[in-house]
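# Architecture at a glance
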Amino acid sequence: MELLETVRRFNRTVTQRVGALDDEYLSRGRPLGQARLLWEIGPAGAEVAALRARLGLDAGYLSRLLRALEADGLVVVGVGTSGDARVREASLTDAGRAEWAILDSASDDLAHSILGPLSDTQRSRLATAMAEVERLLLASMVELTVCPPVDPRARACLRAYARELSQRFDDGFDTGVSRPVDDEDLTPPRGVFLLATLSGEPVGCGALKLHRDAPAEIKRVWVSGTVRGLGLGRRILTTLEHHAAEAGHHSVRLDTNRNLTEAIALYRSTGYKEVPAFNDEPYAHHWFEKHL
């Protein structure tokens, strides 16, 4: 309860201090939701679907916000530059770009008003604390879902995984040389593919092969560099272990390359013990197992 109250108290203080409760955010005659959406559209414009994912907005609410900005002559919504009629894009009018510039300046003024009353030491402490809070909030926004390995987002993660291994392994990485992991192996009931997304964008993955007469096997664990340091790798690993346990497995195992030092440290810190080789993976130097 103490943790919950701390979060609630923080939320109340922040919303009050940044003016989120005001009917006219930054004294611009519109509430925070409209102002934030105008800012996110920006001078370059943005696809409506991307705005929805980025801001985590309900489609109906987003439409109402866009209509309000259109009625004020600040935004136009139409077919995107791709020419695909299914892809709608929001862009700023001349008046919208002028309003965006004013919001930009007013946002600087708000930041100055927060820092102004503080000493240099307090400003540094606040900035450091804000950066940490931002990272932890981002970590809490990452969603993990079971996903078909043929999903385009899953494929994007697997391509990024292969690219990184190619850069980090001594002799590169070729999926045709590595032991095969078929889509069927990562689809229930034979396995699980786990996808991590942040604001709708894929940022990590992990997979699990559920062998009949052997421990479950963890494969394809990857985390984007944009979210490293947020504990996502550990979270993916733990979730895969839970899936293995729910499927009736009492242990999980995995193999890894000696150059993936961060992964090896993660495995050891989470209870994995090194064991003799249990497969002939040509890129593996270490084999690990953990009892669940």
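Within any chain, residue numbers begin from 1 and follow the written order of that chain's sequence. Given that this is a predicted model, residues contribute local features only at a pLDDT of at least 70 and side-chain atom pairs are listed and counted only at 80 or more, while totals for whole chains, interfaces and linings are drawn from all residues. The side-chain values count all of the structure's non-hydrogen atoms but skip hydrogen atoms and water molecules.

### As for helix α8 (residues 232-246)
Each full turn of the α-helix corresponds to 3.6 residues, which orients residues three or four apart in the same direction. Numbering of helices and strands runs from the N terminus; a helix is a DSSP stretch of H or I covering at least four residues, while a strand is a stretch of E covering at least two. Each helix should span, by expectation, one fewer than its residue count multiplied by 1.5 Å. Look at α8: 21 Å from first C-alpha to last across 15 residues, which is about the 21 Å you get at 1.5 Å a residue. Within α8, the full set of buried residues consists of Leu232, Gly233, Ile236, Leu237, Leu240, Glu241 and Ala244. Positive backbone phi, at 95°, marks Gly248, one or two positions downstream of α8. Type-normalised accessible area, obtained with a 1.4 Å probe on protein chains alone, sets the label of each residue: buried when under 20%, exposed when over 50%, and partly exposed for intermediate values.

### Overview of the packing of helix α2 (residues 32-41) against helix α5 (residues 94-115)
In contact at an axis separation of 10 Å, α2 and α5 are set at 105° when each is read in the N-to-C sense. Here α2 lies roughly perpendicular to α5, going by the angle between them. Listed contacts from α5 to Ala35, Leu38 and Trp39 of α2 are Gly96, Glu99, Trp100, Leu103 and Asp104. Amino acids are sorted into nonpolar (Ala, Val, Leu, Ile, Met, Phe, Trp, Tyr, Cys and Pro), charged (Asp, Glu, Lys and Arg) and polar (every other residue, Gly among them). Of the residues that constitute the contact of α2 with α5, the class distribution is 5 nonpolar, 1 polar and 2 charged. Fitting a line to C-alpha atoms yields each axis, with helices limited to the stretch in contact; the angle taken between N-to-C directions then spans 0 to 180 degrees. Angle categories are assigned with fixed cut-offs, so that under 35 degrees is roughly parallel, over 145 is roughly antiparallel, 65 to 115 is roughly perpendicular, and the rest are oblique. Should any heavy atoms of two residues lie within 4.5 Å, those residues are counted as being in contact.

### Points about the packing of aromatic side chains
In summary, the pairing rule links any two rings of Phe, Tyr or Trp, Trp by its six-membered ring, whose centres are within 6.5 Å, and it sorts them by plane angle into stacked for under 30 degrees, edge-to-face for over 60 and tilted for everything else. Applying the stated criterion across every chain yields a total of 7 aromatic pairs. Taking 5.8 Å as the distance between ring centres and 90° as the angle between the ring planes, the aromatic pair formed by Phe169 and Phe173 counts as edge-to-face. Exposure remark for Phe173: the relative accessible area of 13% places this residue in the buried category. Aromatic pair Phe169 and Tyr283: ring centres 5.7 Å apart, planes at 40°, arrangement tilted. Here Phe169 is found in the loop between α7 (152-168) and β5 (191-198), whereas its partner Tyr283 is found in the loop between β9 (273-274) and β10 (286-291), with 114 residues between them in sequence.

### Here we look at the nonpolar core
Taken as a class, soluble globular proteins show a tendency for nonpolar side chains to be buried jointly. In this description, a nonpolar core means a group of buried Ala, Val, Leu, Ile, Met, Phe, Trp, Tyr and Cys residues linked to one another through side-chain atoms lying within 4.5 Å. If you look at the biggest cluster of nonpolar residues, it comprises 46 residues, and the most contacted ones within it are Phe193, Leu208, Ile218, Leu232 and Tyr272. Among the elements that line this core, the one with the most residues is α7, at 7 residues. One finds Leu37, Ile41, Leu74 and Trp100 within the second-largest nonpolar core, a separate group that totals 23 residues.

### Points about the environment of Arg190
Of note, Arg190 is situated in the loop between α7 and β5. Residue class for Arg190 comes out partly exposed when judged on its relative accessible area of 45%. Taking the C-alpha atoms as reference points, Arg190 and Ala247, separated by 57 residues in sequence, lie 9.9 Å from one another. Beyond its immediate stretch of four places on either side in the chain, Arg190 contacts Glu184, Asp185, Leu208, Lys209 and Leu210.

### Examining the sheet that holds β5
With respect to topology, 7 strands assemble into an open sheet ordered β4-β5-β6-β7-β8-β10-β9, the strand pairing being mixed. The open sheet has two edge strands, β4 (143-146) and β9, and neither has a second partner. Taken together, the 6 bridges between strand β8 (residues 251-256) and β10 define a ladder with antiparallel strand orientation. Pairing of Ser251 across the sheet is with His291, part of β10. Across the sheet, α7 is in contact with β5, β6 (201-209) and β7 (216-223); its angle to β7 comes to roughly 85°. In this scheme, strands are said to pair when DSSP sees at least two bridges between them.

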